[in-house]
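If you want the building blocks of each chain, they are given just below.
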Amino acid sequence: MRFNEEAMEAVADVMRLLYQRGLVQVKGGNVSVLDKSSGLVYITPTGVPRHQLKADDIAVMSIDGSVIVGTPSSEFRMHLDIYRSIPSAVSVVHAHPPKVIALYELGSKLDLSMTTEARARVNCVSEVPYVKPGTQELATAVSDALKQCQAAALRGHGIVAYSSRDVYEALDIVEALSDLAEVQLYAGLIARK
């Protein structure tokens, strides 16, 4: 069976970028790309350090959940549910940006009006209450939330974004929201002085 090497490299590249930006831990977060022509999902493997990830490390699954190569991320259910629920989705990025988590734990929400990048890249952000990672319950909650918005903040966990274009657009959304959370937290600190 021939695999989409471009998709595999893109998944590895985006995971390395997420790690470099401090948006995931060394073995945290996950990324996937759906090749609609083959029905194959290229997804981050479990247990491989994100900064060392190579295209050859990427796990491959069918959209029905059968594993073809590797050991997919424990969040594979979430990725598959998003693709099944949102027919236009071709990529998913799930990161753990500390500033987004902190903002929501402080009782605030992302205010898209505060930065040009957030306004330009994100239509809205849904919120998902804390649900145990890796479960079908989380997969369903996230895919339902993403039916309304292209991104969802997961309380105590992180953020998920999808793209109908490519994985770099999903990464761009995650980065824009992480930067926005930082701006909001700094603005809040300064306002209190």
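Look above for the structure.
Here the structure is a predicted model, which is why all the values come from computation and not from measurement.

Chemist: Is there a simple way to explain the overall build of the chain in this structure?
Modeler: Regarding its fold elements, the chain presents six helices and eight strands. Scanning the chain from its N terminus toward the C terminus, one meets helices and strands in the order α-β-β-β-β-α-β-α-α-β-α-β-β-α. For the chain, the C-alpha radius of gyration of 16 Å lies close to 16 Å, the compact-globule estimate for 193 residues. By principal-axis analysis of the C-alpha atoms, the chain measures approximately 60 × 30 × 30 Å. A total of 193 residues make up the chain; the buried ones form 50% of that total. For the chain, the computed accessible surface area is about 8900 Å², with 51% contributed by carbon and sulfur atoms. Charge-centre separation for the chain: the mean point of 19 positive side chains lies 5 Å from the mean point of 22 negative side chains.

Chemist: Please explain the state of the cysteines as it appears in this structure.
Modeler: By definition, a disulfide links the sulfur atoms of two cysteines through a covalent bond. Taken as a whole and judged by the stated rule, the model has one disulfide. Sulfur-sulfur distance for the disulfide between Cys 124 and Cys 149 comes to 2.0 Å. Because the sign of the S-S torsion sets the handedness, a value of about -115 degrees for the bond joining Cys 124 and Cys 149 places this disulfide among the left-handed ones. Separated by 25 residues along the polypeptide, Cys 124 in the loop between helix H4 (116-121) and strand S6 (125-128) and Cys 149 in the loop between helix H5 (136-146) and strand S7 (151-154) bring together distant segments of the chain. Note on Cys 149: relative accessible area 8%, which makes it buried.

Chemist: Hey, could you run me through the sheet that holds strand S8 (residues 158-163) in this one?
Modeler: By definition, the strands of a sheet pair up through backbone hydrogen bonds, in either a parallel or an antiparallel sense. On the basis of which strands lie adjacent, the open sheet formed by eight strands has the order S4-S3-S2-S1-S5-S8-S7-S6 and mixed pairing. At either margin of the open sheet sits one strand with a lone partner, and together these are strand S4 (67-69) and S6. On average, each strand axis in the sheet is tilted by 20 degrees relative to the strand beside it, whichever way the strands run. Summarising the sheet, S6 and S7 pair through four bridges and their orientation is parallel.

Calculation notes
- Residues numbered from 1 in each chain as written.
- Predicted model: local features only at pLDDT ≥ 70, side-chain atom pairs only at ≥ 80, totals over all residues.
- Heavy atoms only, no water.
- Helix = DSSP H or I, 4+ residues; strand = E, 2+ residues; numbered from the N terminus.
- Rg over C-alpha atoms; globule rule 2.2 N^0.38 Å.
- Buried < 20%, exposed > 50% of the residue type's maximum accessible area, 1.4 Å probe, protein only.
- Areas by Shrake-Rupley, 256 points an atom, 1.4 Å probe, with all protein chains shown as cover.
- Lys, Arg positive; Asp, Glu negative; His and termini not counted.
- Charge placed at Lys NZ, Arg CZ, Asp CG, Glu CD.
- Disulfide = S-S within 2.5 Å.
- Pairing = 2+ DSSP bridges.
- Axes fitted to C-alpha atoms, helices over the stretch in contact; angles between N-to-C directions.

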